[in-house]
Each structure stands twice: as C-alpha cells, then as structure tokens.
Amino acid sequence: MSTKPITVGEITAAAGERARGFLTKDVGRGFTVRMPVVVINGATDGPVFAITAGVHGAEYPGIEAAIRLSRTLDPSEIQGAVLIVPVVSVPAFQRRTIYVNPLDGINMNRVCPGNPTGTITEMMAAMLFQNVIAQADYYIDMHGGDMIEALIPFTLYYRTGNEALDGKSRTLAEAYGIPIIVGTTVLRGGSYGAAAALGKPAILAEAGGQGILDEPSTQMHVRGVRNVLKHFGVLRGLREEVSPPHYYDRFVWLSSEQDCVYYPKVTVGQHVKEGELLAEFADLFGEKIGELRSPANGPVLFLVTSPAINKGDPLM
C-alpha cells in the first residue's frame, strides 16, 4: 500500500512522490555494481508493481520502455506504487554482452532469486529480489531478442500448479496485450518463475530483438505496462484494445550439441511440423556435420541469427 513512504535500499519516496537512485553492492574482485531504481509512490492506496528491464543488457526496447515509464508515470495519478529498474545488469549493458553478465559469465535469468553469498550474478539477483521484488504485489520483467536473436512478441508466465496464482499471472499476460501467451515450467531460475515461487503473479514479456532499439517494440512494452496498470486500478482510464490471446502450454527450447556453423532453414514466426527440417550444421570447412528436425508442431517464437554457434548455445 502506498500511503506510507516506500524505501528501496537508500531510496525513499513519500506518498505522492517520485524518487530515484542506485542500489549498490560490493561483489568482490574489486567490483561494485550499481542498479538504477525509480520509486513512484502514489498518493492513494493500491497494488505495488515491480517492473524490470535489462536483465539481459542488449535487449534495448524493454530498457527504453522502462526509462520512459519511469519518467512519465505521474505519482499524482498512481493508486499504489510502481518500482522500476530500467537496467538490471548494468555491466552487460555497458559492455554490450549477450545473455550473460561479463563480470562472471553467468546468465542472470537462470539464477533467480539469487544468493547473497554466491557468484557476482547471484548476488545481483538477490539484491534485486530482496529490495524490489519482495515489496511488490505483481511483477513484470521486460525482455526481447538479444543481439543475435530474432523473435515474434510473446509473453511467458510460470505454471506453479497453484490455480489462483497462475490465474492472476494469466490475467497479467492478457492485460499486457501480446497475443501469444506461453504457460511454461521450463527455464528454472528465470525471473518470473522465481517471483511466482514467492507467491507473486509475474510475467516475462518479449518484444524486439537483434540489438535494435526500434520504436514499435518499445511502444508495445510501454502500452503493455500501462494496460496492466489500468487493468489493476493503479492508473485510471481505459485500456487500449488488444487482440484475443492464443495460449501455448509447451515451450520447446532447442540447443546445439556441438560447435558449428549454423544454417537455419526456417524463419521466425513460421509454423513448423514435427519432423520438419529446422537447421543444418557444418564445420569450418563447410562440410555438413548434422541437422536439426522439429520435435513438435508449433510456431518458431525466437530464432538465433548468428552462424557462429558453440556447444550448448540456444538455437530456436
């Protein structure tokens, strides 16, 4: 509730105020990490939303959307509060690093809710969850295709088996307005799954990709957050109309079993059938060394666009 001051680390916003600053932590090895936070505390009671972007530092539309929302949401119009972290992994953003934190080579979206005495990335995730996510009633994490990923927009929520909690997460996803919604139990350690394990309805929304800051994807995220805030009464006004959702209940990740040169034979958004050829692999002399066929029917939601692939890398 927002009639009292809200404090995140050393940042405090009284009711009806906006405050900003940094969460900071000495993570050892001579590194101190800084995580920007904006607290928008409404003048009246209502839900508290946590909104993050930049868990992966090169997914730019979500980062830009979070920056814009942090500057344009008016505390006088908020019922409740909104806690925004525009860039979670500042080291990855600054060094233009795909997937992982360059300070330790770990993907933060695989280690949430973190460990305050663990690796650098685990400590950063713990700082985020302990200071921001723990105070929220709902959580939205904005993503997009990384520098080598093309995708069509989709939203994920974690199926915990708790029908009431899962229903609230689905409502979040529907209000966000991206037509493809995937309920999943894969990707343990993801932000949205870790939040759901704490009993908080949560989604991860994907729009944009390939290291491009494009306006349509940025607007999709801004519109999605505003629609959610309106749906839950944090903002007044009517939501923008959205398309009816299409649900998928299985999220099939395909990864490489070898170092190779990668030649996709499908395009992002394409519907494929089980057994269909998806990709071929070659060695550095161009000799074919393998192929990939689809294990399921469905759309290609994201597709790695780099021919340079290492063993274990995601493909599509």
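Here, the structure is the one placed above.
Residues numbered from 1 in each chain as written. Predicted model: local features only at pLDDT ≥ 70, side-chain atom pairs only at ≥ 80, totals over all residues. Heavy atoms only, no water.

## What to know about the sheet that holds strand E13 (residues 260-264)
And step 1. Pairing in this open sheet of four strands is antiparallel, and the strands run E16-E15-E13-E19 from one edge to the other. In the strand order of this sheet, the two ends are held by strand E16 (288-293) and strand E19 (308-309), each with one partner.
And step 2. When E13 meets E19, the two strands line up antiparallel, connected through two bridges. Opposite cysteine 260, over in E19, you have isoleucine 309 as the bridge partner. (Pairing = 2+ DSSP bridges. Helix = DSSP H or I, 4+ residues; strand = E, 2+ residues; numbered from the N terminus.)

## Describing the packing of aromatic side chains
And step 1. Applying the stated rule across the entire model yields 10 aromatic pairs.
And step 2. Judged by centre distance (4.9 Å) and plane angle (15 degrees), the rings of phenylalanine 49 and tyrosine 138 are stacked. With phenylalanine 49 in strand E5 (residues 44-53) and tyrosine 138 in strand E7 (residues 138-143), the pair connects residues that are 89 residues apart, well separated along the chain. Like phenylalanine 49, the residue tyrosine 138 is buried in the burial classification.
And step 3. Their ring planes at 80 degrees and their centres at 6.2 Å tell us that tyrosine 60 and phenylalanine 93 sit as a pair that is edge-to-face. Linking tyrosine 60 in helix H1 (residues 60-72) with phenylalanine 93 in helix H2 (residues 90-95), this pair joins segments that are 33 residues apart in sequence.
And step 4. Exposure remark for tyrosine 60: the relative accessible area of 17% places this residue in the buried category.
And step 5. Judged by relative accessible area, which is 34%, phenylalanine 93 ranks as partly exposed.
And step 6. In this structure, arginine 34 is placed above the aromatic ring of phenylalanine 22, and the distance from its NZ or CZ to the ring centre is 3.7 Å. (Phe/Tyr/Trp six-rings, centres within 6.5 Å; stacked < 30°, edge-to-face > 60°. Buried < 20%, exposed > 50% of the residue type's maximum accessible area, 1.4 Å probe, protein only. Lys NZ or Arg CZ within 6 Å of the ring centre and 35° of its normal.)

## Quick word on the sheet that holds strand E9 (residues 154-158)
And step 1. Taken in spatial order, the nine strands make up an open sheet running E3-E4-E6-E5-E7-E11-E9-E10-E12, and their pairing is mixed. Looking at which strands have only one partner, the edges of the open sheet turn out to be strand E3 (17-28) and strand E12 (246-248). Averaged over neighbouring strand pairs, the angle between their axes works out to 20 degrees when direction is ignored.
And step 2. Looking at chain direction, E3 and strand E4 (residues 31-41) are connected through 11 bridges and run antiparallel. Bridge pairing in E4 links arginine 18 to isoleucine 40.
And step 3. Against the sheet, helix H6 (residues 215-231) makes contact with E5, strand E6 (79-85), E7 and strand E11 (202-206), and its axis sits at roughly 170 degrees relative to E7, the strand it touches most. (Axes fitted to C-alpha atoms, helices over the stretch in contact; angles between N-to-C directions. Contact = heavy atoms within 4.5 Å.)

## A few points about the pattern of salt bridges
And step 1. Across all of its chains, the model carries seven salt bridges by this definition.
And step 2. For glutamate 215, the salt bridge is made with arginine 68, and the minimal N-O distance between the two is 2.8 Å. On the criterion of sequence distance, the pair formed by glutamate 215 in helix H6 and arginine 68 in helix H1 is long-range, its members being 147 residues apart.
And step 3. Looking at glutamate 215, the relative accessible area reads 38%, which means it is partly exposed.
And step 4. On the accessibility criterion, arginine 68 (25% relative accessible area) is partly exposed.
And step 5. Through salt bridges with shared partners, one network takes in Lys265, Glu280, Lys288, Glu291 and Arg293. (Salt bridge = Lys/Arg side-chain N within 4 Å of Asp/Glu carboxyl O.)

## Some words on the nonpolar core
And step 1. Val8, Met35, Val39, Leu128, Val132, Ile133 and Phe251 are the most contacted members of the largest nonpolar core, which totals 49 residues.
And step 2. With seven residues, the top contributor of residues to this core is helix H3 (residues 120-131).
And step 3. The residues contacting leucine 128, other than those within four sequence positions of it, are Met35, Thr52, Val85, Val88, Ile133 and Tyr139.
And step 4. Counting 36 residues, the second largest nonpolar core, distinct from the first, contains Ile84, Tyr157, Tyr176 and Leu229. (Core = buried A, V, L, I, M, F, W, Y, C linked by side-chain atoms within 4.5 Å.)

## Remarks on unusual backbone geometry
And step 1. Cis geometry marks the peptide bond from cysteine 112 to proline 113, where omega comes out at 10 degrees.
And step 2. Position of proline 113 relative to the elements: it lies in the loop between H2 and H3.
And step 3. With a phi close to 55 degrees, arginine 96 is a non-glycine residue in the positive phi region.
And step 4. Within the secondary structure, arginine 96 is located in the loop between H2 and H3.
And step 5. When its relative accessible area of 61% is taken as the criterion, arginine 96 is described as exposed.
And step 6. Positioned with a positive phi, tyrosine 99 is a non-glycine residue whose angle comes to about 65 degrees.

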